[in-house]
Amino acid sequence: MPAYHSAFNDFPDAMQAGNMSILPIRTKIRGPAPLADPEQGDIVDETLDLFRANSLFRNFEIKGPADRLLIILILYISDCLAKIGSARTVPTQIEASKMLNTLSVDNFAIPGDAGFPLNAHYAPPQSRADADYLRTYLTQVRQELAVRLVERLYADGTGKPSKWWMAFQKRRFMNRSLGS
């Protein structure tokens, strides 16, 4: 059975940094990302929907530039779940939100940096300005992803993260981690 790929691979007029798509997102967080239509899903929703299924795969064939963004976001969700799971006590929704917001704005490697784990599959940004734009875009997307992930983790109202999501905290998509 093949892995699930992004529906945004054929997105018209998508900007690119390196060989990765810069896709619109629905967000209230300030940043350079283009705004998406509020009635339609975006790459963040798609990542959350495909995370659990795709995290079971060790191999992933990249079929387009949106798949590269999907891979980075799936690996980021994996790091978020590991961060919540490694807490000494079970974090409340507010504590988890603070932890993940801190994780999302921490310094991280982008394609082309020495510490980026998937440099073989990603082209580095063309210029310093492109690299800065990509870093700020990914920071904004990571912040939005953290907000929506916490909403899904604590959707049942018990004050504890969903065991159906936390079961994936030790799973490594493609046996990789962003190392956050």
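For clarity, every value in this text was computed on a predicted model and none was experimentally measured.

Q: What should I look at first to understand the packing of helix α2 (residues 65–85) against helix α4 (residues 128–153) in this one?
A: Two packed helices can be described by the angle between their axes and the distance between those axes. Their axes nearest at 10 Å, the elements α2 and α4 cross at an angle of 50°. Classified by the interaxial angle, the pair formed by α2 and α4 is oblique. Once α2 is placed against α4, the crossing between them reads as right-handed. In this structure, α2 uses Leu-69, Leu-73, Tyr-76, Ile-77, Cys-80, Leu-81 and Ile-84 to contact α4, whose residues at the interface are Tyr-137, Leu-138, Val-141, Arg-142, Leu-145, Ala-146, Leu-149 and Leu-153. Among the residues making up the contact of α2 with α4, the classes are represented as 14 nonpolar, no polar and one charged.

Q: Please explain the pattern of salt bridges as it appears in this structure.
A: Pairing of side chains with opposite charge becomes possible as their charged atoms draw close. Taken as a whole, this structure holds six salt bridges when the rule is applied. Of the charged contacts in the structure, one is a salt bridge between Arg-148 and Asp-45, with a shortest N-O distance of 2.9 Å. Taken together, the positions of Arg-148 in helix α4 and Asp-45 in helix α1 (residues 43–54) put the pair 103 residues apart, joining distant regions of the chain. Classification of Arg-148 by relative accessible area gives buried; the value is 8%. Take Asp-45: its relative accessible area is 15%, and that puts it in the buried class. Connected through shared salt-bridge partners, Arg-26, Asp-42, Asp-45, Glu-144 and Arg-148 make up one network.

Q: Hey, could you run me through the packing of aromatic side chains in this one?
A: Aromatic ring pairs are reported here in terms of the distance separating the ring centres and the angle at which the planes meet. Scanning the entire structure with this criterion turns up four aromatic pairs. Consider the rings of Phe-116 and Tyr-122, whose centres lie 5.3 Å apart with planes at 85°: the pair is edge-to-face. Tyr-122 shares its class with Phe-116; the two are buried. Aromatic ring contacts, followed pair by pair, group Phe-51, Trp-165 and Phe-168 into a single cluster. The lysine or arginine in question, Arg-52, covers the ring of Trp-165, its NZ or CZ lying 4.6 Å from the ring centre. Arg-135 extends its terminal NZ or CZ atom over the ring of Phe-108, reaching a point 5.7 Å from the ring centre.

Q: I tried to follow the packing of α1 against α2 on my own but got confused; where do I start?
A: In contact at an axis separation of 9 Å, α1 and α2 are set at 65° when each is read in the N-to-C sense. Taken together, α1 and α2 sit at an angle that is classed as roughly perpendicular. α2 is crossed by α1, and the crossing has right-handed handedness. Residues Ile-43, Thr-47, Leu-48, Leu-50, Phe-51 and Asn-54 of α1 form the contact with α2, whose own contacting residues are Ala-66, Leu-69, Leu-70, Leu-73, Ile-74, Ile-77, Ser-78 and Leu-81.

About the criteria used
- Residues numbered from 1 in each chain as written.
- Predicted model: local features only at pLDDT ≥ 70, side-chain atom pairs only at ≥ 80, totals over all residues.
- Heavy atoms only, no water.
- Axes fitted to C-alpha atoms, helices over the stretch in contact; angles between N-to-C directions.
- Helix = DSSP H or I, 4+ residues; strand = E, 2+ residues; numbered from the N terminus.
- Parallel < 35°, antiparallel > 145°, perpendicular 65-115°, else oblique.
- Left-handed = near helix turned anticlockwise from the far one by under 90°.
- Contact = heavy atoms within 4.5 Å.
- Nonpolar A, V, L, I, M, F, W, Y, C, P; charged D, E, K, R; others polar.
- Salt bridge = Lys/Arg side-chain N within 4 Å of Asp/Glu carboxyl O.
- Buried < 20%, exposed > 50% of the residue type's maximum accessible area, 1.4 Å probe, protein only.
- Phe/Tyr/Trp six-rings, centres within 6.5 Å; stacked < 30°, edge-to-face > 60°.
- Lys NZ or Arg CZ within 6 Å of the ring centre and 35° of its normal.

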